[in-house]
Amino acid sequence: MAGDGISFRDRVQNAVATSVLRLALLVPYPARVRGFGWVMSHIVAPLAGWRRRIRHNLRNVAPELSEAERERIVRKVPDNVGPTLMEIYSGEEFLDRLSDAAFTGPGTAAMDAALAAGTPLVLVTAHIGNYDAVRGTLARRGHPMGALYKPMRNAAFNTHYIEAISEIGMPVFPTEGKGIAGIVRHLKAGGVIGIVGDVAATGAPVLKFFGRDAHTPLSAAEWAVKYDAELIPIFGLRQPDGLSFKLHVADPIAHDAPEVMMQRYNDTVEKIVRDHMDQWFWIHRRWKLARKR
């Protein structure tokens, strides 16, 4: 609508994106999800320069990989990004696929205990598989997980993006002042929150990830300590059929200095990534460092 502050360019881009999404939603779920993976891997990735960035990151932190394995990962990573986007917009069909998803791993008992007791719980995940598989599964089982989202630059697209992620589970909060306050209130009240911790927040402390310096935000650990919450890494790992998930719950991270806790988180993520190299978001500029003044 005129006067809503949305630019003409944003409107056009949103119109194209929504048209593609609506057409895709007419296709049966398995073909829709797998098809979007093919589009991302064979069309979007080469045009957007993703393949070059993935190769750069892999050479930087995993030089031991053979060229054949590196190129396999270059092709497969976008093939996970596409399904993840399509799953977000598939709502109930995606949630139905999670009905048989099982929580496994050494941290499962600690997570179940916190959920049963109604005590604050911080689940910290990463850009691997589809982290909304965790959120959707918990919501379906009566444990709404508060989650942060980064508002899209395209304001027109952002409106229906929020609607889509809200259908998977509520509540969701923007990564802004009021949003941060909202997710903290949810945690303090004995709720579950989910944090994606493998982000290159350039104002955050520099820790190690894959043996390289990487800015790592401390908020997940700080909130866990402040509100006496368990801090547990958890990952929604895509299975070989491309449609189902295993929900891996890692060992809880004991309370300590936040930097120590988040280094343990980085180490946990690295181990999971090394076991599932083609599911992590290697397109991400994870090792981008702020310039020293």
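Throughout what follows, the structure given in this document is the object of discussion. (Residues numbered from 1 in each chain as written. Predicted model: local features only at pLDDT ≥ 70, side-chain atom pairs only at ≥ 80, totals over all residues. Heavy atoms only, no water.)

Let us look at helix H6 (residues 108-117). Every buried residue of H6 is listed here: Thr-108, Ala-110, Met-111, Ala-114 and Leu-115. Projected onto a plane normal to the axis of H6, the buried residues spread over an arc of 165 degrees and lie on a single side. Residues of H6 that are exposed and point over 90 degrees away from its buried face: Ala-109, Ala-116 and Ala-117. Following H6 by one or two positions, Gly-118 adopts a phi angle in the positive range, close to 70 degrees. (Buried < 20%, exposed > 50% of the residue type's maximum accessible area, 1.4 Å probe, protein only. Helix = DSSP H or I, 4+ residues; strand = E, 2+ residues; numbered from the N terminus. Arc of directions from axis to C-beta.)

Moving on to the packing of aromatic side chains. All told, the structure shown has 10 aromatic pairs when counted by the stated rule. On the numbers, 5.0 Å between centres and 85 degrees between planes, the contact of Phe-209 with Phe-210 is edge-to-face. Relative to Trp-287, the ring of Trp-280 lies with its centre 5.9 Å away and its plane at 65 degrees, an arrangement referred to as edge-to-face. (Phe/Tyr/Trp six-rings, centres within 6.5 Å; stacked < 30°, edge-to-face > 60°.)

Turning our eyes to something else, we now look at unusual backbone geometry. For the peptide bond that leads from Met-170 to Pro-171, omega is 0 degrees, which places it in the cis range. Its place among the elements puts Pro-171 in the loop between helix H8 (155-168) and strand S4 (172-174). Of note in this structure, Phe-210 is not a glycine but carries a positive phi near 55 degrees. Relative to the helices and strands, Phe-210 resides in the loop between strand S6 (206-209) and strand S7 (212-215). Owing to a relative accessible area of 3%, Phe-210 belongs among the buried residues under this scheme. For Asp-228, which is not glycine, the phi torsion reads 50 degrees and is therefore positive. For Asp-228, the location among the structural elements is in the loop between helix H10 (219-226) and strand S8 (230-238). For Asp-228, a relative accessible area of 63% corresponds to the exposed category.

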